[in-house]
Amino acid sequence: MGKLTIGCFSSLVGSMNLDFTVKLAGAALEKGHKVDLWLSGNATMMSIDKQRAFKDYSSLEKPLKELMAKGLKVTACEACAEARGYHKDNTLEGVDRKSMDWYLASTFDADKVLHIGGE
Amino acid sequence: MATTKLGFVVQRPPYRSENPKLALTHAIASQSVEVYLEDGDIVTCDIAFVGDGVLNCLKDQKAADHYGLTSTETQVKMALLLDINVLICKEDLDRFGLSEDDIVIDAEEFGADIEAKVVPYAEIAAMMEESKHLLFF
C-alpha cells in the first residue's frame, strides 16, 4: 500500500474541489493507502468548527470526521487559518494546524502528491 | 539519506488570486522542512513561472504602497535569498514584450548569491521531468 498526500487550496463553498478531495481521500483509504490531507489558502475554511450545514450548500464536517476516524490525517495551514480568523480554539477537533513545511515534509515519502484547486 | 525534489509551477498572474503567493510561500517553506524529517533527508524545490505567471516577476511592483502587501517581486527575491532555483519562461516574457530588464533577476540588496534564470520552456519542461512531484499553482 502507498502513501498519498493531497494538498487542497479551494474554498469549501464556491467550488466542489473540496468535496472531490474528500471523496478521493476516502476512496484511497478504502484501498488501504495512507492519506495526508493538507488544507491551505481558502481550503482552510473546512477546518473551522461549528459550521452549520444547509441542504443547498456543501458541508463536509461529517464525512471528514468519519474519514479521520479511519485514519485520514488532516492538517490545516496555520498561517492561512489565522489570516482568515480561524484560531486554534475554533478549529475542528482532530484537525492539526502546522506551517507550510509540514506539507512539504509529507511529500517527502509520498508515492503520489495531488495538488488540487485554488481559485 | 534521501532527497525529494519538488517542482512548483506558477501559471497565474499576481494579485488576481492567492495562488502565486501560496506557491512562493510553500516553496520558501522548503528551507525549514528538515525539522519534520530524519537527519540527512531533505526536500528541495525549483519554482518556474510560465504563461501569465511570469508577471509575478515584474520589477517595481507597488503592492506595498497600494495594498500594504508584500509584493510577489519581494517574494521572488526572498526565494533567491534562500537559494531556490527560480526559472522564468523566455517565450512567455516575449509574448508580453518583456525583457530581462523588466523582471527580477537578482536580489543583491537582500544578500542573495544566486540569480533567477530566464530560460526556454524546454528547460522548464526538463525541470518538471526531474521533479518527483509537481505542484501547479
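As a reminder, the structure under discussion sits directly above these lines.
Residues numbered from 1 in each chain as written. Chains lettered and ligands numbered in written order. Predicted model: local features only at pLDDT ≥ 70, side-chain atom pairs only at ≥ 80, totals over all residues. Heavy atoms only, no water.

1. Focus: the overall build of chain B
Going by this rule: Each helix is a run of DSSP H or I of at least 4 residues and each strand a run of E of at least 2, with the numbering of both proceeding from the N terminus. Buried means the residue's accessible area, taken with a 1.4 Å probe over protein chains only, is under 20% of the maximum for its type, while exposed means over 50%, and partly exposed covers the values in between. Every residue pair with non-hydrogen atoms within 4.5 Å of one another is taken to be in contact. Areas reported as accessible are Shrake-Rupley estimates using a 1.4 Å probe. Residue values count occlusion only from the protein chains shown. Charge counting treats Lys and Arg as positive and Asp and Glu as negative, with His and both chain ends excluded. Taken as the charge centre is NZ of Lys, CZ of Arg, CG of Asp or CD of Glu, depending on the residue.
The helix and strand inventory of chain B stands at 5 helices and 5 strands. Seen through its principal axes, chain B has C-alpha atoms that stretch 45 × 35 × 30 Å. Burial status across chain B gives 49% buried among its 137 residues. If you take every contact in chain B between residues at least 6 apart in sequence, the share linking residues at least 24 apart comes to 79%. When the accessible surface of chain B is totalled, it reaches about 6600 Å², and 49% of it is carbon and sulfur. Side-chain charges of chain B comprise 11 positive and 25 negative groups, with the mean position of each set lying 7 Å from the other.

2. Considering the sheet that holds strand β3 (residues 85-89) of chain B
Residues and elements named next belong to chain B. For the record, the criterion: DSSP bridges decide pairing: two strands pair if at least two such bridges lie between them. Simply put, an axis is a line fit to the C-alpha atoms, just over the touching stretch for a helix, and the angle between two N-to-C directions goes from 0 to 180 degrees.
Pairing is parallel in the open sheet, where 5 strands are placed in the order β4-β3-β2-β1-β5. The strands lining the two open edges of the sheet, one partner per strand, are β4 (117-119) and β5 (133-136). Neighbour-to-neighbour, the strand axes of the sheet open up by a mean angle of 25°, direction not taken into account. The pairing of strand β1 (residues 3-10) with β5 spans 4 bridges and is classified as parallel. Residue pairing in the sheet places Val9 in a bridge with Phe136 of β5. Sitting on the sheet, helix α5 (residues 121-130) is in contact with β1, β2 (42-49), β3, β4 and β5, with an inclination near 135° to β3.

3. Looking at the sheet that holds strand β2 (residues 34-39) of chain A
Residue and element names in this part refer to chain A. Strand order in the open sheet formed by 5 strands is β4-β3-β2-β1-β5, with parallel pairing between adjacent strands. The sheet is open, and its two borders are formed by β4 (96-98) and β5 (112-116), each paired with just one other strand. For this sheet the average axis-to-axis angle between neighbouring strands, irrespective of direction, equals 25°. Across 4 bridges, β2 lies against strand β3 (residues 73-77) in parallel orientation.

4. Some points on the packing of helix α4 (residues 100-108) of chain A against helix α1 (residues 19-29) of chain B
The following threshold applies: Oblique is the label for any angle not under 35 degrees, not over 145, and not in the 65 to 115 range, which are roughly parallel, roughly antiparallel and roughly perpendicular in turn. By definition, any crossing whose near helix is turned counterclockwise from its far helix by less than a right angle is left-handed, and any crossing with a clockwise turn is right-handed. When residues are grouped by polarity, Ala, Val, Leu, Ile, Met, Phe, Trp, Tyr, Cys and Pro land in nonpolar, Asp, Glu, Lys and Arg in charged, and all others, Gly among them, in polar.
Following both chains from N to C, one finds α4 of chain A and α1 of chain B inclined at 70°, their axes separated by 8 Å at the closest point. As summarised for this structure, α4 of chain A and α1 of chain B are arranged roughly perpendicular, according to the angle between their axes. Judged by the twist between their axes, the crossing of α4 of chain A over α1 of chain B is right-handed. Residue-level contacts link Met100, Asp101, Tyr103 and Leu104 of chain A of α4 of chain A to Thr25, His26 and Ala29 of chain B of α1 of chain B. Residues belonging to the contact of α4 of chain A with α1 of chain B are distributed by class as follows: 4 nonpolar, 2 polar and 1 charged.

5. Quick look at the side chain of Ser11 of chain A
Residues and elements named next belong to chain A. Selection rule: Any pair of N or O atoms that falls within 3.5 Å is considered a polar contact. Within protein, one atom must be able to donate a hydrogen and the other to accept it, and sequence-neighbouring residues count only if both atoms are side-chain atoms.
Relative to the assigned elements, Ser11 resides in the loop between β1 (3-8) and α1 (17-30). Exposure remark for Ser11: the relative accessible area of 9% places this residue in the buried category. Engagement of the side chain of Ser11 in a polar contact is seen with the backbone oxygen of Val13, the distance being 3.1 Å. In this view, Ser11 contacts Leu18, Asn42, Ala43, Met45 and Glu119; residues no more than four positions away in its chain are not counted.

6. As for the packing of α1 of chain B against helix α3 (residues 72-81) of chain B
All names here are of chain B. For the pair α1 and α3, the least separation of the axes is 10 Å and the interaxial angle reads 20°. Comparing the axis directions of α1 and α3 gives the class roughly parallel. When you trace α1 past α3, the crossing you get is left-handed. Facing α1, whose interface residues are Lys21, Leu24, Thr25 and Ile28, α3 presents Thr72, Gln75, Val76, Met78 and Ala79. Here the residues of the contact of α1 with α3 are counted per class, giving 5 nonpolar, 3 polar and 1 charged.

7. Some remarks on the side chain of Asp19 of chain A
Residue and element names in this part refer to chain A. What counts here: Within this document, salt bridges are pairs made up of a side-chain nitrogen of Lys or Arg and a carboxyl oxygen of Asp or Glu, the two lying within 4 Å of each other.
Relative to the elements of secondary structure, Asp19 occurs in helix α1. Of the side chains bearing the opposite charge, Lys23 lies closest to the buried Asp19, which forms no salt bridge; the N-O distance is 7.2 Å. When sequence neighbours within four positions are dropped, the list of residues in contact with Asp19 reads Leu12, Ser58 and Leu60.

8. Details of the interface of chain B and chain A
Quick reminder of the rule: Throughout, the accessible surface (probe 1.4 Å) given up by two parts as they are put together, summed over both, is called the buried area.
Contact with chain B, which involves 27 residues of that partner, is made by 26 residues of chain A. Between chain B and chain A the total buried area reaches about 1900 Å² when both faces are included, carbon and sulfur atoms providing 65% of it. Applying the counting rule to chain B against chain A returns 1 salt bridge. When the shortest N-O distance is used, the salt bridge between Arg84 of chain A and Glu18 of chain B registers 2.6 Å. Along the contact surface separating chain B from chain A lie 8 residue pairs in polar contact (both at pLDDT 80 or more). Of all elements in the fold, only β1, α1, β2 and β5 of chain B reach the threshold of two or more residues within the side of chain B that touches chain A.

Function-wise, these values are silent; they only describe arrangement.
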